[in-house]
Amino acid sequence: MFLTLPLAGLLIRAPWSTLPERLTEPGILAALRLSLLTASLATVVCLILGVPLAWVLARLHFPGRRLVRALVTVPLVLPPVVGGVALLLVFGRRGLIGGWLDQTFGVSLPFTTAGVVVAEAFVAMPFLVIAVEGALRGSDARYEEAAATLGASRWTAFRRVTLPLIAPGVAAGAVLCWARALGEFGATITFAGNFPGRTQTMPLAVYLALEQDLDAAIVLSLVLLAVSVGILAALRDKWVAA
Amino acid sequence: MRKVLTGLALVAVFATAACGGGSDDSANSAPAGGGAPGSAGPGASGQLVVLAAASLTESFDKIKEDFQAQNPNLQVTISYGGSSGLAQQITAGAPADVFAAASPATMQAVVDAGEAAGEPAVFVRNQLVIATAKGNPEGIRTLADLTKPDLKVALCAEQVPCGSAARKAIEAAGVDLEPVTLEQDVKAALSKVKLGEVDAALVYRTDARAASADIDGVEFPESAGAINDYPIVTLKSAPNPAAAAAFVAFVRSGPELKVLTDAGFQL
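Only a predicted model underlies this, so the values are computations on that prediction, with no experimental measurement involved. (Residues numbered from 1 in each chain as written. Chains lettered and ligands numbered in written order. Predicted model: local features only at pLDDT ≥ 70, side-chain atom pairs only at ≥ 80, totals over all residues. Heavy atoms only, no water.)

J.: Residues and numbers for the overall build of chain B, please.
T.: Along chain B, the regular secondary structure elements total nine helices and 10 strands. Across the 267 residues of chain B, 49% fall into the buried class. Sequence separation of 24 or more characterises 77% of the internal contacts of chain B that already satisfy a separation of 6 or more. When the accessible surface of chain B is summed, it comes to about 11,300 Å², and 56% of that surface belongs to carbon and sulfur atoms. (Helix = DSSP H or I, 4+ residues; strand = E, 2+ residues; numbered from the N terminus. Buried < 20%, exposed > 50% of the residue type's maximum accessible area, 1.4 Å probe, protein only. Contact = heavy atoms within 4.5 Å. Areas by Shrake-Rupley, 256 points an atom, 1.4 Å probe, with all protein chains shown as cover.)

Encoded structure:
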């Protein structure tokens, strides 16, 4: 009830009579495409960085592991806007790394689509790491050891034994990660700014539409909801049940 | 649980407001009084809730202090935010006494919803300046300077008042300005300058003046064609109408208008 009532509110208040013409407004498609693209890229980034990190946290014993595990959840605790400011302080033009990137390669992340991906990956990564780490801890490490005794290298054991075992966990983590990235607002607007076609994702478009036209904001929200629920439902059946 | 708590809080606000209104009447009927013009006299008491545009923050904080000094029994709460968001809160039934907006359009939304008591009055005006890094290292003097290819410029999004004013000014200047970002409000645009992520932004003169320790404000002639009016009004469902009227009159009295002009507003 509590979870679905606000959704019902959106549906009831939606301007159904003018919906077709509102849906064909040019800005919507660009924002939706950018949202789907950046959320998917952010999920890929999270998979590449997050799965190894989760493996380290679950399998290796090293001093300060608890601290690292706590640090992984920082983006969850941090208000996203603060995360965006923190990203600016590191990757911004005057930032710790950003300044060097700008000087050396002429690369600047803020106000670019790549910046949106960075902001979304930052906020969404914990969802993947926590899910994968949980799956790894739940899986029996003796399978890997058995593979090692049979002559498999660590990488082969991970690829051929561990990964298939934890595949459902990775898939669930990736879905969570993608969903969080798709809805990301605060870090994105703070770090990547807002420019139609380049950094304006659906949540940003919704927020700005709200300043002027409630109906337009509701239409945008419904589009985002419909598309994301559709994709998630399709993937869930395919991956998580498998 | 949360809903229950919010409900309780609202009930509490209404209850205290109602009590405040009662004691207010009795105090006003007392023979004492003779407060300064524009104040409700020493009788104004209870709670007063003011919703004000974010760009009024610095000046209304000062005005609130002055008003409270004249009305020690009154508890004044000011909630600052984007004008459009505040207007939506009012039309959704948020309990408030006074609304001060940064644009006539947002005020009109409140009037159209039948929430305004009487006619809104414009009490100050604000205009845009170019905010640059401290010392203006890029030597920006005019709007045309902002079109230099390697310069990064932030504007407000057109949906918010400072964005529509920026657009008017840019059109008046006839320059082809390509911003890197359209920020959600004027404070966000300003913070991008403070952080050094953009070289310049179009912000209100009042915001530039409040941040003068970190940034420079460059005046430009075309801003005269894009002046923003700030209307103020008492609300129909005000829990404390007497104090609301007194506050609006107080804001528009001489000494307090000085507070506003000191902050960079025009009359």
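Don't stop here, the text continues.
J.: Now, about the overall build of chain A: what can you tell me, with residues and values included?
T.: Each helix and strand in chain A was counted, giving 13 helices and zero strands. Mapped in sequence order, the helices and strands of chain A form the string α-α-α-α-α-α-α-α-α-α-α-α-α. For chain A, the C-alpha atoms occupy an extent of roughly 65 × 50 × 30 Å along the three principal directions. Each of the 242 residues in chain A was classed as buried or not, and the buried ones make up 43%. Pairs at least 24 apart in sequence give 74% of the contacts found in chain A among residues at least 6 apart. Total accessible area on chain A is roughly 12,600 Å²; 71% of this is exposed by carbon and sulfur atoms. For chain A, the distance from the average site of its 18 positive side-chain charges to the average site of its 13 negative ones is 10 Å. (Lys, Arg positive; Asp, Glu negative; His and termini not counted. Charge placed at Lys NZ, Arg CZ, Asp CG, Glu CD.)

J.: Break down the layout of surface pockets for me, citing the residues and quoting the values.
T.: With a probe scaled to a water molecule rolled over the atoms, the places where space remains empty come into view. Space inside the largest pocket adds up to approximately 800 Å³. What lines the largest pocket is a set of 35 residues, among which A:P196, A:Q200, B:E158, B:Q159 and B:L182 lie closest to the centre. Every element with two or more residues in the lining of the largest pocket is listed here: α3 (26-59), α12 (202-212) and α13 (214-240) of chain A together with β6 (153-156) and α5 (161-173) of chain B. Here the lining of the largest pocket is built from residues that sort into 21 nonpolar, seven polar and seven charged. (1 Å grid on protein atoms, 1.4 Å probe; cavity = no way out; pocket = protein on both sides within 12 Å on 5 of 7 lines; lining within 4 Å. Points joined across faces, edges and corners; volume = space filled by probe spheres on them. Nonpolar A, V, L, I, M, F, W, Y, C, P; charged D, E, K, R; others polar.)

J.: How would you summarise the nonpolar core if you had to cite specific residues and measurements?
T.: B:L56, B:F60, B:F123, B:L146 and B:L260 are the most contacted members of the largest nonpolar core, which totals 71 residues. For this core, the leading source of residues is helix α8 (residues 241-251) of chain B, giving seven residues. In this structure, this core is formed jointly by two domains, domain 1 (2-24 + 47-125 + 229-262) and domain 2 (128-225) of chain B, each of which donates at least three residues. Among residues more than four places away in sequence, those in contact with B:L146 are B:I130, B:I140, B:L151, B:V153, B:L177, B:A200 and B:L202. One finds A:A31, A:L128, A:F158 and A:W178 within the second-largest nonpolar core, a separate group that totals 40 residues. (Core = buried A, V, L, I, M, F, W, Y, C linked by side-chain atoms within 4.5 Å. Domains from an automatic or database assignment.)

J.: Run through the domain arrangement of chain B, naming residues and quoting values.
T.: The accessible area lost on association of the parts is a frequent measure of interface size. All names here are of chain B. Examined at the domain level, chain B breaks down into domain 1 (2-24 + 47-125 + 229-262) and domain 2 (128-225). On a C-alpha basis, the centroid separation for the pair domain 1 and domain 2 is 29 Å. Of the residues lining the interface, eight residues belong to domain 1; the matching set on domain 2 comes to seven residues. Where domain 1 abuts domain 2, roughly 560 Å² becomes buried across the two surfaces, and 53% of that area is made up of carbon and sulfur atoms. (Buried area = accessible area lost by both parts, 1.4 Å probe.)

J.: How would you summarise the confidence of the model for chain B if you had to cite specific residues and measurements?
T.: Low pLDDT means the predicted coordinates in that region are not meant to be read closely. Residue and element names in this part refer to chain B. Across chain B, the average pLDDT comes to 83, with 84% of residues at 70 or higher. A low-confidence stretch, residues 1-41 stays under pLDDT 50, and its non-local contacts, those more than four residues away or across chains, total 28 contacts. Interface confidence in the predicted complex, given as ipTM, is 0.82; pTM for the same model is 0.79. (pLDDT = per-residue confidence, 0-100.)

J.: Go over the interface of chain B and chain A, please, and point to the residues and values.
T.: Counting residues at the interface gives 20 residues for chain B and 20 residues for chain A. Among the residues of chain B in contact with chain A, B:Q159, B:Q184 and B:E197 are the three that bury the most area, contributing 30% of the side total. One can count one salt bridge joining chain B with chain A. The tally of links between chain B and chain A comes to nine residue pairs in polar contact (both at pLDDT 80 or more). Counting only elements with at least two residues in the side of chain B that touches chain A, the list comes to α3 (83-91) and β7 (181-183) of chain B. Per-element accounting of the side of chain B that touches chain A gives the leading share, three residues, to β7(B). (Salt bridge = Lys/Arg side-chain N within 4 Å of Asp/Glu carboxyl O. Polar contact = N/O pair within 3.5 Å; in protein donor to acceptor, adjacent residues only side chain to side chain.)

J.: Describe in detail the state of the cysteines, supporting the description with residues and values.
T.: By definition, a disulfide links the sulfur atoms of two cysteines through a covalent bond. Applying the stated criterion across every chain yields a total of one disulfide over all chains. Through a disulfide, B:C156 is tied to B:C162; the S-S separation comes to 1.9 Å. Taking the sign of the S-S torsion, -100 degrees for the link of B:C156 and B:C162, the bridge is left-handed. Looking at the unpaired A:C46, the closest cysteine sulfur is the one in A:C177, lying at 3.5 Å. (Disulfide = S-S within 2.5 Å.)

J.: Report on the side chain of B:Q127, specifying residues and quantitative values.
T.: Residues and elements named next belong to chain B. Looking at the element boundaries, Q127 is found in the loop between β4 (116-126) and β5 (128-133). On the basis of relative accessible area, Q127 is assigned to the buried category, the value being 8%. Separated by 2.9 Å, the side chains of Q127 and S223 make a polar contact. Leaving out residues up to four positions away in the same chain, Q127 has contacts with V203, Y204, R205, E219, S223, A224, I227 and Q266.

J.: With reference to specific residues and values, describe the packing of helix α2 (residues 57-70) of chain B against helix α9 (residues 254-262) of chain B.
T.: Residue and element names in this part refer to chain B. At a closest axis distance of 9 Å, the pairing of α2 and α9 adopts a crossing angle of 155 degrees. In terms of orientation, α2 lies roughly antiparallel with respect to α9. Seen from above, α2 lies across α9 with right-handed handedness. The residues of α9 that touch α2, namely those facing S59, F60, K62, I63 and D66, are E256, V259 and L260. Residue composition of the contact of α2 with α9, grouped by class: four nonpolar, one polar and three charged. (Axes fitted to C-alpha atoms, helices over the stretch in contact; angles between N-to-C directions. Parallel < 35°, antiparallel > 145°, perpendicular 65-115°, else oblique. Left-handed = near helix turned anticlockwise from the far one by under 90°.)

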